[in-house]
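Here's the letter readout for the chains.
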Amino acid sequence: MRYRQLTTGTLALGVLLLIDVLRVWLPGIITIFGQAASTPAELMGAFALGWFVLALGAPAVVRRVGARPVTVVAAVALAVARLTLTAAPGGRTQLWLATAGLLAGLVWLVGVAADTDRPVPGLALGFAVNAAVHAVLDTVDLVWRGDWVAWLLSAVAVVVFLVGTAQPAQRLGAALAGPAEAPAGPAGAPVGPGGSGAWLLAGPALLLAGMVALSPALARTGMSYLVAGDGVARSPLFGLAPVPVAVAGFLCAALTRPPHGWGRAYGPVALLAGAVLFALDRGDLLLPAILLAAVGLGACLALTDDASHPDSDTASAGSSASRRGYAVAAGMLVFALGAVGYYSAYDLGYPNAAVPVVVAVLIAAVAFTARPVVHRFSGPFPPLRTAAAVTALALLAPVLADEVPVASNREGPPERLTVVAYNIRMGFGLDGRFDLSGLAEVVDRQRPDVVLLSEVDRAWLLNGGHDTLDLLSDRLGMPYVFGPAADPVWGDAVLSRWPVRDPRTLPLAAVGAPTGAQALAVTLDLGDGVRTAVVSTHLQPPPGKGPVVQARAVADFATGYAAGRPLVVAGDLNTEPGDEAFAEFARAGLVDALAAARPLATSPADDPRQQIDHIFVSPDLTPGDPVAPRSTASDHLPVAVTVTLPPR
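Residues numbered from 1 in each chain as written. Predicted model: local features only at pLDDT ≥ 70, side-chain atom pairs only at ≥ 80, totals over all residues. Heavy atoms only, no water.

### Details of the overall build of the protein
The secondary structure content of the protein amounts to 22 helices and 13 strands. With the C-alpha coordinates aligned to their principal axes, the bounding extent of the protein is approximately 95 × 45 × 45 Å. The burial tally for the protein puts 60% of its 648 residues in the buried class. Taking all contacts inside the protein whose residues are at least 6 apart in sequence as the whole, residues at least 24 apart take part in 79%. A total of about 23,000 Å² of accessible surface is found on the protein, and carbon and sulfur atoms cover 63% of it. (Helix = DSSP H or I, 4+ residues; strand = E, 2+ residues; numbered from the N terminus. Buried < 20%, exposed > 50% of the residue type's maximum accessible area, 1.4 Å probe, protein only. Contact = heavy atoms within 4.5 Å. Areas by Shrake-Rupley, 256 points an atom, 1.4 Å probe, with all protein chains shown as cover.)

So this is what it looks like as structure tokens:
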């Protein structure tokens, strides 16, 4: 039993390290290797897929060299890369370290698969513990923190993983000393011909777990939609509360024996239902999507958990080991294809809602058609106690990681408001590091009353699965209102030190642009009946043209919403002074609040040449002190202005 537990724990820990590497590598594709909207999406996709295709050669290497040497070498490479990434070096160094760690992790999985025909307990435990830890860390992983606690915990994880990887090798050597025995797995028990189906699902399950079923950032986003309604989201109370429920449902379903007969269908049906709800792109459906997908994914994994270990001769065992290696390599390629296929749509403009559904169909089909296990060995860990322990860890998240900034009126209405507009590039700086501190610092220096954010990502697996908006809200001490644009977790936001009323959002016509756009309007309650309207937007120009249609729509929407009250409109407008789209705001009677500082270039941040981030105000507001403070915490510079309110 000790060896079975060690093997399962080591597999789970390796999955944790691999996911950590993926959380650095995936964003690096669009922040370091390329640049979204300028580097061709096809090139970035080819770079991403190439490493997973290369890993398809690993089973042949394992067959020739042997599983144990390959597994140990790959484990060491994965561990070194993961530990080195804790330094968050940024730039090309970070990208290639993460790439080396990814390839090592893929080869390690192939090596482990050759010797393991029962991966479900280890995979399920790895996915669940990752979700719990990610939630407790407030969706900012140790790899991005870099303090002594992060180094210590990362080092402990790496050392335990390497010890666990090396220890079974001794057991295996003893087992192979007996000429009449079948090949032994890392658990010290005979390896049977099963397990291919479970290993095939490792990649697709990782994709759906990270996108939907076990995503803490998505859970918090779903909770934030319940607060406001009307298609917008607000800072929620205990936003991470769904995570323990999802973790408990997933682990209980994955580690307990599935029902017989048609009862086997409950997992595939639940998973498909969750994927469909997620694909509908509605914020109010995110929570049921998460819970259904979590239980369904766990139940599907349980259906492939062949733990009967039938006897086999050496030749058939070797063939099965090779099949398992190719299965896990193919499954991880499905992960890459699904991720690239889903997220490239936001650059190429095709519908992507079918991607999670197709992946769910694949998982459901493999699970439902798996051969039922007649004689099943018990798992390495008691299912209920294991689920309870991981759930208890996840329960710490709503207590430790959830903060809810509160806006309150100051003494009487202010005479002035400081407004900051910032395209935050999903939280990643020019060097490809996740740089929340840099973003918060440059904004906080302006002492803002209201902050308008563009390119806000709240759960994309491609960007590491962070809730960037909630994290910035906590650091700035300002509650938020969020308006979805491309989907329920990507859009624009308004953070305010003053209470916010009457939020509304206007979806903007795409007019050929691949990424969705919207305008989010809110009313600041400044006390004593004084109100100011604020509109945050991020215009998306169609290929080769300016965003004229969207600019006209935003200007008309904003002036209509303000209804004569003071008005501020700001964001990444992707148009320059003198352009037709820029003129639409002047046509609506708005004033360029940055005019006194022109030219005021804001992009790219390290060598600004384009004036595309703007603040417009109604004529009754007097702008002053326009500035674009220098920072490389994003690929844009923020713009800030102080406006004087009209006399009462």
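### Description of the packing of aromatic side chains
Throughout the structure, instances matching the rule amount to 21 aromatic pairs. Centroid distance Phe557 to Tyr561: 6.4 Å. Interplanar angle 35°. Geometry classified as tilted. Of this pair, Phe557 and Tyr561 both sit in helix α21 (residues 548-562), 4 residues apart, roughly one helical turn. We note that Phe557, like Tyr561, is buried. Ring-pair connections join several aromatic residues into one group, and the members of that group are Trp25, Phe33, Phe47, Trp51, Phe52, Trp96 and Phe335. When the ring centre of Phe482 is taken as origin, the NZ or CZ atom of Arg458, which lies over that ring, is 5.2 Å away. (Phe/Tyr/Trp six-rings, centres within 6.5 Å; stacked < 30°, edge-to-face > 60°. Lys NZ or Arg CZ within 6 Å of the ring centre and 35° of its normal.)

### Remarks on the nonpolar core
Grouped together as the largest cluster of nonpolar side chains are 154 residues, with contacts concentrated most on Trp25, Leu214, Phe250 and Leu453. Other than its neighbours up to four places away in sequence, Leu453 contacts Tyr422, Ile424, Leu469, Leu472, Asp492, Ala493, Leu495 and Ser536. Counting residues in each nonpolar core, the second largest holds 31 residues, with Val419, Val481, Leu524 and Leu645 among its members. (Core = buried A, V, L, I, M, F, W, Y, C linked by side-chain atoms within 4.5 Å.)

### Overview of unusual backbone geometry
Of note, the bond from Arg598 into Pro599 is cis; its omega dihedral lies within 30 degrees of zero at -5°. Relative to the helices and strands, Pro599 is located in the loop between β10 (591-592) and β11 (613-617). Geometrically, the link from Ser603 to Pro604 is a cis peptide bond, its omega value of -10° lying close to zero. Structurally, the position occupied by Pro604 is in the loop between β10 and β11. With a phi close to 50°, Arg425 is a non-glycine residue in the positive phi region.

### Examining the sheet that holds strand β12 (residues 622-627)
In space, the 7 strands of this open sheet follow the order β1-β4-β5-β3-β2-β13-β12, with mixed pairing throughout. The open sheet terminates on both sides in strands that have one partner only, identified here as β1 (233-234) and β12. As defined by bridge partners, strand β3 (residues 450-457) adjoins strand β5 (residues 490-496) across 6 bridges and the pair is classed as antiparallel. From the neighbouring strand, Val456 faces β5, where its bridge partner is Gly491. (Pairing = 2+ DSSP bridges.)

### A closer look at the confidence of the model for the protein
Taken as a whole, the protein shows an average pLDDT of 91; of its residues, 92% reach a score of 70 or greater. Scored below 50 in pLDDT, residues 169-190 makes 30 contacts in the model with residues more than four places away or belonging to other chains. Note on residues 309-315: pLDDT under 50 across the span, and 11 contacts to partners over four residues away in sequence or across chains. (pLDDT = per-residue confidence, 0-100.)

### Some words on the sheet that holds β10
Whenever strands of a sheet pair, they do so through backbone hydrogen bonds, lying parallel or antiparallel. In space, the 6 strands of this open sheet follow the order β6-β7-β8-β9-β11-β10, with mixed pairing throughout. Every interior strand has two partners, whereas the edge strands, β6 (500-508) and β10, have only one. Relative to strand β7 (residues 517-525), β6 runs antiparallel, the two sharing 7 bridges. If you follow Thr505 over to β7, its bridge partner there is Leu520. Of the strands in this sheet, β6, β7, β8 (531-538) and β9 (567-572) touch α21, which is tilted by about 155° from β6. (Axes fitted to C-alpha atoms, helices over the stretch in contact; angles between N-to-C directions.)

### Quick notes on the packing of helix α3 (residues 58-65) against helix α5 (residues 91-115)
At a closest axis distance of 9 Å, the pairing of α3 and α5 adopts a crossing angle of 50°. Relative to α5, the element α3 is oriented oblique. Between α3 and α5 lies a crossing of right-handed hand. For the pair formed by α3 and α5, the contact residues are Ala58, Pro59 and Val62 on the first element and Val107, Val110, Gly111 and Ala114 on the second. Looking at side-chain class alone, the contact of α3 with α5 contains 6 nonpolar, 1 polar and no charged residues. (Parallel < 35°, antiparallel > 145°, perpendicular 65-115°, else oblique. Left-handed = near helix turned anticlockwise from the far one by under 90°. Nonpolar A, V, L, I, M, F, W, Y, C, P; charged D, E, K, R; others polar.)

### Here we look at the pattern of salt bridges
Evaluated as defined, the whole model comprises 23 salt bridges. Its salt-bridge partner being Asp635, residue Arg425 comes within 3.9 Å of it at the nearest N-O pair. Of the two residues, Arg425 is situated in the loop between β2 (416-423) and α19 (436-444) and Asp635 in the loop between β12 and β13 (639-644); the sequence distance between them amounts to 210 residues. Arg425 gets classed as buried once you look at its relative accessible area, which sits at 3%. Here Asp635 falls in the buried class, since its relative accessible area comes to 10%. A salt bridge links Asp502 to Arg504, with the shortest nitrogen-to-oxygen separation between them at 3.1 Å. The partly exposed category is assigned to Arg504, whose relative accessible area is 42%. If you follow the salt bridges from partner to partner, you end up with Asp138, Arg220, Asp402, Arg458, Asp467 and Asp470 in one network. (Salt bridge = Lys/Arg side-chain N within 4 Å of Asp/Glu carboxyl O.)

### Points about the packing of helix α6 (residues 120-136) against helix α12 (residues 242-255)
The contact between α6 and α12 brings their axes to 10 Å, and the two run at 175°. Relative to α12, the element α6 is oriented roughly antiparallel. For the pair α6 and α12, contact is made by Val120, Pro121, Ala124, Leu125, Phe127, Ala128, Ala131 and Ala135 and by Val243, Val247, Phe250, Leu251, Ala254 and Leu255, respectively. Here the contact of α6 with α12 is built from residues that sort into 14 nonpolar, no polar and no charged.

### Some points on a nonpolar patch on the surface
A contiguous nonpolar surface patch, about 580 Å² in accessible area, is contributed by Trp148, Val149, Leu152, Leu153, Val156 and Val160. For Leu152, the position within the fold is in helix α8 (residues 148-176). (Patch = residues over 30% accessible without salt bridge, like charges linked within 9 Å, V, L, I, M, F, W, Y side chains within 5 Å.)

### Observations concerning α12
Helix length check: α12 (14 residues) gives 20 Å between terminal C-alpha atoms against 20 Å at 1.5 Å per residue, within 8%. Those residues of α12 that fall on the buried side of the exposure criterion are Pro242, Val243, Pro244, Ala246, Val247, Gly249, Phe250, Leu251, Ala253, Ala254 and Leu255. Tucked inside the fold, the buried residues of α12 contact α6, α10 (202-213), α11 (216-228), α13 (266-279), α14 (286-303) and α18 (383-400). (Expected span 1.5 Å × (residues − 1).)

### Side note on the side chain of Thr386
One can find Thr386 in helix α18. Apart from the residues lying within four places of it in its own chain, the contact partners of Thr386 are Leu125, Leu251, Leu255 and Phe381.

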